Amino acid sequence: MRPEPERRWILTGPEVMEEAVIGYRAWRVHASHGEVTLTSVVALSHHLWPKGRPMNATCNRPFLEHRHAGKEPAAGCSCGLWAFSDFRRLRLSFSEDAFLLGEVEMWRRVRVHKYGYRAQLARPSAIFEPGGFGSLTWRQSQRRLADLVCQQYDIPLVQRPRPSLERV
Amino acid sequence: MPRAAAIGDEEYTIETEPTPLPREVPAPVREPVPDREKVPA
């Protein structure tokens, strides 16, 4: 039987909390002049994850009249902020040599899929210590990048979760 | 993130609402118990 989504209460504003779903996802990192920004894994994406406030989903359907503005993530669409529900599945899909992997808190409207989620609002809540099979120099540079991301997003660098024994 | 195949079919939706932080309930103030010896009979 499919496990219930992992959830936790988080502060989403002054004196306000909300119950967030916990997911696992990958990011690219855009670095410029010491400033690092998490971005979508889709190459050439302009979706930059903000610091200190949540990322808001926007529907990017090509025709304006088909977009689900204000209703993201819409049923039957691919809009919304994506994450896997299982860390093992994330690792099978994304190489740690190319991406930073981490934990994300997702709330407000969350579409639950068989292996993951699409959310209206999300924010990174932790970055996992980079692993991968790259050279020592590459792994050290990934670690420095992860440290910078954690420092600038004010989130912890943590050990990767133990993959669940669930078959993927 | 990857296309729909990666996270599979949609199953259901969770909607959450902002909830005010629970305020700490102040401990009840106890009335001082009068000293038995001083209570008039």
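Going by the structure above, here's the rest.
The rules behind these values
- Residues numbered from 1 in each chain as written.
- Chains lettered and ligands numbered in written order.
- Predicted model: local features only at pLDDT ≥ 70, side-chain atom pairs only at ≥ 80, totals over all residues.
- Heavy atoms only, no water.
- Contact = heavy atoms within 4.5 Å.
- Buried area = accessible area lost by both parts, 1.4 Å probe.
- Salt bridge = Lys/Arg side-chain N within 4 Å of Asp/Glu carboxyl O.
- Polar contact = N/O pair within 3.5 Å; in protein donor to acceptor, adjacent residues only side chain to side chain.
- Helix = DSSP H or I, 4+ residues; strand = E, 2+ residues; numbered from the N terminus.
- Disulfide = S-S within 2.5 Å.
- Buried < 20%, exposed > 50% of the residue type's maximum accessible area, 1.4 Å probe, protein only.
- Core = buried A, V, L, I, M, F, W, Y, C linked by side-chain atoms within 4.5 Å.

Undergrad: I'd love a proper account of the interface of chain A and chain B, names of residues and values included.
TA: In this assembly, 39 residues from chain A lie in contact with 22 residues from chain B. For the chain A and chain B pair, buried surface summed over both sides reaches about 2500 Å², with 58% attributable to carbon and sulfur atoms. For the pair chain A and chain B, the number of links is three salt bridges. A salt bridge links glutamate 10 of chain B to arginine 118 of chain A; the nearest nitrogen and oxygen atoms lie 2.9 Å apart. Our enumeration of links across chain A and chain B arrives at 15 residue pairs in polar contact (both at pLDDT 80 or more). Counting residues per element, the ones that place at least two in the side of chain A that touches chain B are strand S1 (7-13), strand S2 (16-32), strand S5 (81-84), helix H1 (87-93), strand S6 (100-113) and strand S7 (116-128) of chain A.

Undergrad: Requested: an account of the environment of aspartate 9 of chain B, with residues and values cited.
TA: Here aspartate 9 of chain B is to be found in the loop between helix H1 (4-7) and strand S1 (10-15). The residues contacting aspartate 9 of chain B, other than those within four sequence positions of it, are Val112, His113 and Lys114 of chain A.

Undergrad: So what about the state of the cysteines? Which residues, and what values?
TA: Residue and element names in this part refer to chain A. By the definition in use, this model includes zero disulfides over all chains. With no disulfide of its own, cysteine 59 lies closest to cysteine 77 among cysteine sulfurs, the gap being 3.9 Å. The buried category is assigned to cysteine 59, whose relative accessible area is 5%. Free of any disulfide, cysteine 79 has its nearest neighbouring cysteine sulfur in cysteine 77, separated by 3.7 Å.

Undergrad: Tell me what's going on with unusual backbone geometry, and back it up with residues and numbers.
TA: Residue and element names in this part refer to chain A. Residue proline 73 is reached from glutamate 72 by a cis peptide bond, and omega for that bond is -5°. Residue position: proline 73 is located in the loop between strand S4 (55-56) and S5. For glutamate 15, which is not glycine, the phi dihedral falls at a positive 65°. Within the secondary structure, glutamate 15 is located in the loop between S1 and S2. Residue classification places glutamate 15 among the partly exposed residues on the basis of a relative accessible area of 44%. Positive phi is not limited to glycine here, since arginine 108 has a value of about 75°. Inspection of the secondary structure assignment puts arginine 108 in strand S6.

Undergrad: So, the nonpolar core: which residues are in play, and what are the values?
TA: Formed by 24 residues in total, the largest nonpolar core has its most connected members in Trp49, Val104, Met106, Val110, Ile127 and Val149 of chain A. Those elements that provide at least two residues to this core are S2, strand S3 (35-39), S5, S6, S7 and helix H2 (136-153) of chain A. The element best represented in this core is S6 of chain A, accounting for five residues. Residues contacting valine 104 of chain A, with those up to four places away along its chain left out, are Val21, Ile22, Gly23, Tyr24, Arg25, Trp27, Trp49, Ala83, Ala122, Arg123, Pro124 and Ser125 of chain A. With 13 residues, the next largest nonpolar core counts Phe87, Phe94 and Phe128 of chain A together with Ala6 of chain B among its residues.

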